[in-house]
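Remarks on the overall topology
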Amino acid sequence: MEQQVMGQVSDARRRIPRTDAVLRDPRLVDAASRLGPGPVKAAVRQAQERARRGTLAPEEVADTAVALLPRAAGGLRPVINATGVLLHTNLGRAPLSAAARQAVQDAAGPTDVELDLRTGVRARRGRTALEALRGRVPSAAAAHVVNNGAAALVLAATALAAGREIVISRGEMVEIGDGFRLPDLLVSTGARLREVGTTNRTTVDDYAAAIGPGTAFVLKVHPSNFRITGFTRAAGIRELAALGVPVVSDIGSGLLAPHPLLPGEPDAETQLRAGAALVTASGDKLLGGPQCGLLLGDAELVRTLARHPLARALRVDKLTLAALEATLRGPGTPTAAFLAAYAAGLARRAEQLAATLAAAGIDVRAVPSAATVGGGGAPGVTLPSAALSLPERYAAALRTGPVPVVGRLEGGRCLLDLRAVPAEDDERLADAVRSAAER
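Per chain, residue numbering runs from 1 following the sequence as it is written. Given that this is a predicted model, residues contribute local features only at a pLDDT of at least 70 and side-chain atom pairs are listed and counted only at 80 or more, while totals for whole chains, interfaces and linings are drawn from all residues. With hydrogens and water stripped out, all remaining heavy atoms of the structure feed into the side-chain values.

Focus: the pairing of strand E15 (residues 413-417)
Cut-off, in case you're wondering: Here the term buried applies to any residue with accessible area under 20% of the maximum for its type, exposed to any over 50%, and partly exposed to those in between, with areas from a 1.4 Å probe on protein chains only. The numbering of helices and of strands both runs from the N terminus, where a helix is a DSSP run of H or I of at least 4 residues and a strand a run of E of at least 2. We call two strands paired when DSSP finds no fewer than two bridges between them.
Within E15, five of the five residues are buried, which leaves it mostly tucked inside the rest of the structure. Pairing geometry for strand E12 (residues 377-391) and E15, over five bridges, is antiparallel. By the bridge assignment for E15, leucine 390 is matched with cysteine 414. Of the pairings in the sheet, the one linking strand E14 (residues 408-410) to E15 comprises three bridges and is antiparallel in character. Note that in E15 the partner of leucine 409 across the bridge is cysteine 414.

Given below as C-alpha cells:
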C-alpha cells in the first residue's frame, strides 16, 4: 500500500509543468510585462514547490502562480485608513486628490519642468506651482518649495542664521516625531539657539532682552502635536514683529488660510498679515497635498533661501510639483472632505454596513466614535465620527488581508472609524471584513 501511495506521489510530481511552459500562460506573460520577469518566476516556483509537497495539484500550478503575484512592482500597498486619524503619519498622511493623482501620472514622462516651451530656453523650476501657492496665500510676496517641513526650517536656519543666533521660547523646543528634536535640527545648521522664557510662559519682553547684534531671527514654533494648558502665556507674531528683527513662523500643519473647524490652528495668511517675515509649513498635512516643505513670505528672504547651495539638495522632483499644483488649483482634497463630513452621515453609513455584515453572521455593530486630525495638527481637537465595532481578532486579519484595512483597538474591540474612509470605499471595506471573517 505504501509503495502504491509513493508511486502516486511520484507520478504527480512528474506531472508538474516545467517553468518555461507555465510562463507561456497569457496571464503570466501579461504580468511579466507589468511587474518584470523576476516576481513572475518567483510566483511560479512557489506554486511548483507546493505541488512537489503534494499540497497542490499539478494542473493548479498556473492558477496558483497568478494568485500569488504581487499587485504592483513596488512594495508599497494601498490600505484603507479606518484608524480615525485623518492624517496618519504611518500611512503617508494626506491622501492625494484625484486631480493630484492625474497630475502625477501626466508628469511621469518628459515635462516642461525647467523649460519655457514658447521661447525654448530654460525656465524657473516649478514656476506654475509657485504661482499657484502664492495665489492661495496673497500676503506672501514670494514662495519656495523643498522636500518636507523640517527641510524648510533647516534651509531657513542655514541660509539666514549659520554662525548667528536664533531666539526661541523654551516652551517651543519640540520633538517633531521619531526622536527628531527641533533644537538638534537647528543646531546642526551651525546656528546658535538663544532660549528665552519658561516652558509655560514666555513674554515679548523675554525676546526683547535676548535680541542683539548676533540675532538672525526670532523663531515662533506652533506646538502642533501637544497642548499646554493652565497658567500659560505666549507672545504673538504681531508683538514679535515689532522688535525689529525678522520673525520666522513654523506653523507645521500646512493650513494656508483660517479654517472654521480649527480655530486654534495657525495659518500662513494670518501669520504673514500679522508681520511674520517667513512662514514654513508642510504640504502633506492640512493642505492635503504631497510631502513637501513650504516657505512663504518676504521676497528678499525667499530669494536668499532659493539661491543657497543647500536648496539644490532639498529641492522637490517634478512629481511633487505636479501634485502640489493640482492640490492648490484643483477641486477639494480628501482631507478637506474628511474634515467637513457630518457625523449623522457617518452614523448612517456605519449602520448600513453593520446591518449588511450582521446579516452574514458577523459579530459587528455600529458605534459612535471620536476621530482626530493627526499628523502633528490640531492637537486636542476631536471630530465626532462613527465606526464599526468588531471582535479584537479582526485587527490582524484585516491588516493582512487582500485589501489591508487598518483600524484601532479600543475597549477590547477592533474599531473601523469611517471619517477618513471615502464613501465609495464602503463596499471594499465590507468585502475586507467578510474576508477576515473567513480566515
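Next comes the rest of the description.
Focus: unusual backbone geometry
Even without being glycine, arginine 93 reaches a positive phi, approximately 55°. Position of arginine 93 among the secondary structure elements: in the loop between strand E1 (80-81) and helix H6 (98-107). Using a relative accessible area of 22% as the deciding quantity, one classes arginine 93 as partly exposed.

A look at empty space enclosed by the protein
Spelled out, the test is: Each cavity reported here is a set of points on a 1 Å grid over the protein atoms alone in which a 1.4 Å probe fits but cannot get out, each pocket an open set with protein on both sides within 12 Å along at least five of seven lines, and each lining residue one with an atom within 4 Å of a point. Grid points are joined across faces, edges and corners, and a volume is the space filled by probe spheres set on the points. For this classification, Asp, Glu, Lys and Arg are treated as charged, while Ala, Val, Leu, Ile, Met, Phe, Trp, Tyr, Cys and Pro are nonpolar and the rest, including Gly, are polar.
By the definition in use, this model includes one cavity of 30 Å³ or more. Forming the walls of the largest cavity are Ala397, Leu398, Gly401, Pro402, Val403, Ala432, Ser435, Ala436 and Arg439. When contributions to the lining of the largest cavity are tallied by element, the ones reaching two or more residues are helix H18 (394-399) and helix H19 (426-437). Counting residues per element, the lining of the largest cavity draws most heavily on H19, which supplies three residues. Grouping the constituent residues of the lining of the largest cavity by class yields six nonpolar, two polar and one charged.

Some points on helix H3 (residues 26-35)
We count it as follows: The arc in question is the one traced by the directions running from the helix axis out to the C-beta atoms. Contacts: residue pairs with any heavy atoms within 4.5 Å of one another.
If you check which residues of H3 are buried, you get Leu28, Ala31 and Leu35. Angularly, the buried residues of H3 cover 55° about the axis, an arc narrow enough to put them on a single face. Exposed residues pointing more than 90 degrees away from the buried face of H3 are listed as Pro26 and Ser33. Against helix H2 (19-23), helix H4 (37-52) and helix H5 (61-68) lie the buried residues of H3.

Remarks on the pattern of salt bridges
We apply this condition: For salt bridges, the criterion is a side-chain nitrogen of Lys or Arg within 4 Å of an Asp or Glu carboxyl oxygen.
Scanning all chains against the criterion turns up 25 salt bridges. Here arginine 52 ties to glutamate 49 by a salt bridge, and the two come within 3.5 Å at their closest N and O atoms. In this pair, arginine 52 and glutamate 49 both sit in helix H4, three residues apart, roughly one turn of the helix. Note on arginine 52: relative accessible area 38%, which makes it partly exposed. What emerges from the salt-bridge pattern is a single network uniting Glu114, Arg122, Arg125 and Arg315.

Concerning the layout of surface pockets
Considered as a void within the structure, the largest pocket measures approximately 1,300 Å³ in volume. Pro78, Val79, Pro95, Leu96 and Arg101 are, among the 37 residues lining the largest pocket, the residues nearest its centre. Put simply, the parts of the chain that give the lining of the largest pocket at least two residues each are E1, H6, helix H16 (334-340) and helix H17 (343-358). Top contributing element to the lining of the largest pocket by residue count: H16, with three residues. Here the lining of the largest pocket is built from residues that sort into 22 nonpolar, five polar and 10 charged.

Thoughts on the confidence of the model for the protein chain
Spelled out, the test is: pLDDT measures how confident the predictor is about each residue, on a scale from 0 to 100.
For the protein chain, the mean per-residue pLDDT works out to 91, and 95% of the residues sit at or above 70. Below pLDDT 50 for its whole length, residues 1-7 participates in zero contacts with residues either more than four positions away or in separate chains.

Digging into the sheet that holds strand E9 (residues 278-282)
For clarity, the cut-off: Where helices are involved, their axes are fitted lines through C-alpha atoms of the stretch in contact, as for all axes, and angles between N-to-C directions lie from 0 to 180°.
Here seven strands make up an open sheet; going across it, the order is E2-E10-E9-E8-E7-E3-E6 and the pairing mixed. This sheet does not close on itself; its edge strands, each paired only once, are strand E2 (142-146) and strand E6 (192-196). With strand direction ignored, the average angle separating the axes of adjacent strands in the sheet is 25°. Both strand E8 (residues 247-252) and E9 contribute to a ladder of four bridges, which runs parallel. Each bridged residue has a counterpart across the sheet, and for glycine 252 the counterpart in E9 is alanine 281. Running at roughly 30° to E2, helix H13 (residues 299-307) makes contact with E2, E9 and strand E10 (293-297) of the sheet.

Remarks on the sheet that holds E12
What links the strands of a sheet is backbone hydrogen bonding, and the strands pair in either a parallel or an antiparallel sense. Across the sheet, which stays open at both edges, the four strands sit in the order E11-E12-E15-E14 with antiparallel pairing between neighbours. The open sheet is flanked by strand E11 (365-374) and E14, the only strands paired with a single partner. In this sheet, neighbouring strand axes are inclined to one another by 45° on average, regardless of whether the strands run parallel or antiparallel. Running over the sheet, H17 touches E11 and E12 and is turned about 20° from E12.

Quick notes on the UniProt feature "modified residue: N6-(pyridoxal phosphate)lysine" (unreviewed entry) in the protein chain
For the record, the criterion: UniProt positions are given in the numbering used here, feature names are shortened, and annotations may be inferred rather than shown by experiment.
Under the UniProt annotation, "modified residue: N6-(pyridoxal phosphate)lysine" (unreviewed entry) lies at Lys285. Mapped onto the secondary structure, lysine 285 falls in the loop between E9 and E10. Filtering out sequence-adjacent residues up to four positions away, lysine 285 remains in contact with Leu87, Arg93, Ala94, Gly252, Ser253, Thr335, Gly375 and Gly376.

What about the UniProt feature "domain: L-seryl-tRNA selenium transferase N-terminal" (unreviewed entry) in the protein chain?
Per the UniProt entry, the sites bearing "domain: L-seryl-tRNA selenium transferase N-terminal" (unreviewed entry) are residues 13-52 in this numbering. The distance from the first to the last C-alpha atom of residues 13-52 is 6 Å, and the span holds 82% helix and 0% strand.

With respect to the environment of arginine 201
Structurally, the position occupied by arginine 201 is in the loop between E6 and helix H10 (204-210). Along the backbone, arginine 201 and valine 405 are 204 residues apart, and their C-alpha atoms lie at a distance of 43 Å.

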